[in-house]
Amino acid sequence: MVNIYDTANQMEQDLKQTQQYQELKAAYEALKADEKAYACFKELQDLQGQLQQKQMQGNITEDDFKELQEAGAKAKEFETLQTLMLKEQALSMLMDEVSKIIFQPVQELYQD
């Protein structure tokens, strides 16, 4: 029988070798070197986390969305942050493709 966890652990190691991951890692290091951009990034992360919690609790307001939009607009001022976001998108696309491959047997199972 196959140990799927061995395969998953190997995929973790392989992921770290992909161009998309390496570029994201480099973009994150560049972002951390830009003090103002990194502070903006952390603020945006905090706001997103707060918004998710409020949404799960059903306590989200228009002001919450407005605050997040303002933080997002501020983030556009920083090239290092924009680069990070582009690299995140590229890695996300790769992960979506891998996910489709992994779940293909399940989809095939239900096609009858």
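Residues numbered from 1 in each chain as written. Predicted model: local features only at pLDDT ≥ 70, side-chain atom pairs only at ≥ 80, totals over all residues. Heavy atoms only, no water.

1. Description of the packing of aromatic side chains
In this description, a pair of aromatic rings is defined by centroid distance and the angle of the planes. Scanning the entire structure with this criterion turns up three aromatic pairs. Judged by centre distance (6.1 Å) and plane angle (65°), the ring pair of Tyr-28 and Phe-41 falls under edge-to-face. Of this pair, Tyr-28 sits in helix α2 (residues 19–33) while Phe-41 sits in helix α3 (residues 35–57), and the two are 13 residues apart along the sequence. Owing to a relative accessible area of 28%, Tyr-28 belongs among the partly exposed residues under this scheme. A network of ring pairs unites the aromatic residues Tyr-28, Tyr-38 and Phe-41 as a single cluster. (Phe/Tyr/Trp six-rings, centres within 6.5 Å; stacked < 30°, edge-to-face > 60°. Helix = DSSP H or I, 4+ residues; strand = E, 2+ residues; numbered from the N terminus. Buried < 20%, exposed > 50% of the residue type's maximum accessible area, 1.4 Å probe, protein only.)

2. Remarks on the pattern of salt bridges
Per the counting criterion, the structure on display carries five salt bridges. Ionic pairing is found between Glu-43 and Lys-74, a salt bridge with its closest N-O pair at 3.7 Å. Of this pair, Glu-43 sits in helix α3 while Lys-74 sits in helix α4 (residues 62–75), and the two are 31 residues apart along the sequence. Using a relative accessible area of 35% as the deciding quantity, one classes Lys-74 as partly exposed. (Salt bridge = Lys/Arg side-chain N within 4 Å of Asp/Glu carboxyl O.)

3. Topic: a negative patch on the surface
Residues Glu-62, Asp-63, Glu-67 and Glu-70 make up a contiguous surface patch of negative charge. Relative to the assigned elements, Glu-62 resides in helix α4. What makes Glu-62 exposed here is its relative accessible area of 67%. (Patch = residues over 30% accessible without salt bridge, like charges linked within 9 Å, V, L, I, M, F, W, Y side chains within 5 Å. Areas by Shrake-Rupley, 256 points an atom, 1.4 Å probe, with all protein chains shown as cover. Lys, Arg positive; Asp, Glu negative; His and termini not counted. Charge placed at Lys NZ, Arg CZ, Asp CG, Glu CD.)

4. Focus on the layout of surface pockets
If you add up the space inside the largest pocket, you get close to 250 Å³. Around the largest pocket, the lining residues are Ile-4, Thr-7, Ala-8, Met-11, Glu-12, Asp-14, Leu-15, Thr-18, Leu-94, Met-95, Val-98 and Ile-102. Breaking the lining of the largest pocket down by element, the ones donating at least two residues are α1 (4–15) and α5 (79–109). Broken down by element, the residue count for the lining of the largest pocket peaks at seven residues, all from α1. Residue composition of the lining of the largest pocket, by class: eight nonpolar, two polar and two charged. (1 Å grid on protein atoms, 1.4 Å probe; cavity = no way out; pocket = protein on both sides within 12 Å on 5 of 7 lines; lining within 4 Å. Points joined across faces, edges and corners; volume = space filled by probe spheres on them. Nonpolar A, V, L, I, M, F, W, Y, C, P; charged D, E, K, R; others polar.)

5. As for α3
For α3, with 23 residues, the first-to-last C-alpha span of 33 Å sits near the 33 Å given by 1.5 Å per residue. Those residues of α3 not exposed but buried are Ala-37, Cys-40, Phe-41, Leu-44, Leu-47 and Leu-51. Its buried side turned inward, α3 meets α2, α4 and α5. Trailing α3 by a residue or two, Gly-58 shows a phi angle of about 80°, which is positive. (Expected span 1.5 Å × (residues − 1). Contact = heavy atoms within 4.5 Å.)

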